[in-house]
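This is what each chain is made of:
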Amino acid sequence: MPSRRRFLSGLALASASLAFARPSLSLAAAPAGSNALQTRPIPSSGQRLPVIGMGSSGSFEVGAGAAERDPLKEVLRRFFAGGATVIDTAPGYGSAEGVIGDLVAELQLRPRTFLATKIGATGREAGLAQFQRSLQLLRTDKVELLQVHSLQDWRTQFALIEELKAQGKTRYTGLTHFVDGGHDELAEVVRAVKPDFLQVNYSVVSRNAERTVFPVAQELGVAVLINRAFEDGKLFSQVQGKALPAWAAEAGITSWSQAFLKFALSHPAVTAVIPATGRPDRQSDQLLAGHGPDLSEQQRQSLIALFA
């Protein structure tokens, strides 16, 4: 089973290597807007999660130099200052686990972090060794969410994750996929093992999950994390130079990124979205999608029609 990391390996994300001269935000700061970042409950526990999280594929795959890491420190400062907590990573994301571990420790943010990683291996011993390595890189003795990466050897790895949950090494179990072609299998596996979480791709132009995965999640009470809400950035090229819909201000939307994230969040099955960025300004912008009303069905259909 190919991983998302391999799928995206040819896409160079230069944003993580850019240096920014903007001053750091205090961790007590909050994004613009009068309301707090919205939260939604995890069905299996009732714990509430902020609706905006953060992925790390590409964006946190950087070296050890200050020019590469300083912007990411600011990304994290703004993320937590805005009330967000969920950071998703994986062993297959190059140096991302180690970078996250270093920066979260340096900024003393681990107690506030809902940390999610994955097992993407074949065989129990390989999976266990991979997870132990993840803990070392992330500088922690446990994670909040441990997921089977793209269903790789899912029977073995999900059983291992359940063992680790019983040992207190993770609080929640999960399964992931990142392309429409994996949705039918993902839905079947979710029904078979009923994880606490599933993670799946969903966007205004990739809505297959509405038919396959979301109904199962709603039926069984499984939390849903959304990856690829921007279609790896392709959506922005399609709206370049276009004005936002006339109703955007009514929905509290001031950018296309907010529109795309709000589209994903407006489906009732979705718990949180996890867009990746290495740029502080984009982090601040994305956090605003977690404020204000959800999109109405009419507004959702208006966005869909733009890409028809």
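Residues numbered from 1 in each chain as written. Predicted model: local features only at pLDDT ≥ 70, side-chain atom pairs only at ≥ 80, totals over all residues. Heavy atoms only, no water.

Draft legend 1. Focus on the pattern of salt bridges. What the rule picks out here adds up to 19 salt bridges. A salt bridge links Glu 163 to Arg 124, with the nearest nitrogen and oxygen atoms 2.6 Å apart. You can see Glu 163 sitting in helix H5 (residues 154-166) and its partner Arg 124 sitting in helix H4 (residues 124-138), a full 39 residues away along the chain. On the basis of relative accessible area, Arg 124 is assigned to the partly exposed category, the value being 34%. The salt bridge partner of Lys 142 is Asp 141, with a shortest N-O separation of 3.7 Å. Judged by relative accessible area, Lys 142 falls into the partly exposed class, the value being 38%. Salt bridges here are not isolated pairs; linked through shared partners, they connect Arg 69, Asp 102 and Arg 139. (Salt bridge = Lys/Arg side-chain N within 4 Å of Asp/Glu carboxyl O. Helix = DSSP H or I, 4+ residues; strand = E, 2+ residues; numbered from the N terminus. Buried < 20%, exposed > 50% of the residue type's maximum accessible area, 1.4 Å probe, protein only.)

Draft legend 2. Looking closely at the sheet that holds strand S3 (residues 86-88). Strands sit in the order S3-S4-S5-S6-S7-S8-S9 across an open sheet of 7 strands; the sheet is parallel. At either end of the open sheet lies a strand with only one pairing partner, and these are S3 and strand S9 (272-273). Sheet strands touched by H4: strand S4 (114-119) and strand S5 (143-148). Its angle to S4, the strand with the most contacts, is close to 150°. (Pairing = 2+ DSSP bridges. Contact = heavy atoms within 4.5 Å. Axes fitted to C-alpha atoms, helices over the stretch in contact; angles between N-to-C directions.)

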